[in-house]
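Below are the chains, spelled out letter by letter.
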Amino acid sequence: FHNWGLGTAAQAAQKKEYMTLEQTLKALGHEGRRIDIFKIDCEWCEWYTYKQWLDSSSEITQILVETHNAPMPEARNFFDDMH
């Protein structure tokens, strides 16, 4: 367990309890490493952080995500971009 949430760059800059995916990878020593399975259940952060997963410096080969309360247009964009 790590005591921070996955957040946007703006959230990470404002609050110490959030980190971006790249900050998290660096903190855990996973920068530039291949991630075979990236599983995430983050209670709404999926809609606002998913582009970080796609643009990560680490190669993510599979993404398993639990989604919550699909807000529009974020949900439509999420599924379009993941496709």
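Anyway, here's the lowdown on the structure attached to this text. All figures in this text were calculated on a predicted structure; none of them were measured in a lab.

Attention shifts here to the pairing of strand β3 (residues 35-40). Two elements, β3 and strand β4 (residues 60-65), share five bridges in a ladder whose sense is parallel. In the strand pairing of β4, F38 is matched with I63.

Residue placement: A9 occurs in helix α1 (residues 9-14). Residue classification places A9 among the exposed residues on the basis of a relative accessible area of 55%. Between the alpha carbons of A9 and G29 there is a distance of 19 Å; along the sequence they are 20 residues apart. In this view, A9 contacts T20 and Q52; residues no more than four positions away in its chain are not counted.

Below, the discussion takes up helix α3 (residues 46-54). Within α3 the residues assigned to the buried category are E46, W47, T49, Y50, Q52 and W53. Summarising the contacts, the buried residues of α3 are in contact with β1 (5-6), α1, α2 (21-27), β3, β4 and α4 (74-82).

Turning to the side chain of E46, a few remarks are in order. Within the fold, E46 resides in helix α3. In this structure the side chain of E46 is engaged in a polar contact, spanning 2.7 Å, whose partner is the backbone nitrogen of H68. Filtering out sequence-adjacent residues up to four positions away, E46 remains in contact with W53, V65, E66, T67, H68 and F78.

Enumeration according to the criterion identifies one disulfide in this entry. Note on cysteine connectivity: C42 is disulfide-linked to C45, with sulfurs 2.0 Å apart. An S-S torsion of about -100 degrees defines the bridge between C42 and C45 as left-handed.

As a further point, take the environment of S56. Here S56 is to be found in the loop between α3 and β4. Judged by relative accessible area, which is 13%, S56 ranks as buried. Taking the C-alpha atoms as reference, S56 lies 19 Å from E66; in sequence the two are 10 residues apart. Beyond its immediate sequence surroundings of up to four residues, S56 is in contact with L21, E22 and L25. A polar contact of 3.0 Å, which involves the side chain of S56, links it to the backbone nitrogen of S58.

On inspection of all chains with the given rule, the structure shows six aromatic pairs. Arranged with centres 5.1 Å apart and planes meeting at 80 degrees, the rings of Y50 and F78 form a pair that is edge-to-face. Of this pair, Y50 sits in helix α3 while F78 is found in helix α4, placing the two residues 28 residues apart along the sequence. As far as the burial class goes, Y50 and F78 line up, both buried. Site record: aromatic cluster; members linked through ring pairs are F38, W47, Y50, W53, F78 and F79.

Definitions and cut-offs
- Residues numbered from 1 in each chain as written.
- Predicted model: local features only at pLDDT ≥ 70, side-chain atom pairs only at ≥ 80, totals over all residues.
- Heavy atoms only, no water.
- Pairing = 2+ DSSP bridges.
- Helix = DSSP H or I, 4+ residues; strand = E, 2+ residues; numbered from the N terminus.
- Buried < 20%, exposed > 50% of the residue type's maximum accessible area, 1.4 Å probe, protein only.
- Contact = heavy atoms within 4.5 Å.
- Polar contact = N/O pair within 3.5 Å; in protein donor to acceptor, adjacent residues only side chain to side chain.
- Disulfide = S-S within 2.5 Å.
- Phe/Tyr/Trp six-rings, centres within 6.5 Å; stacked < 30°, edge-to-face > 60°.

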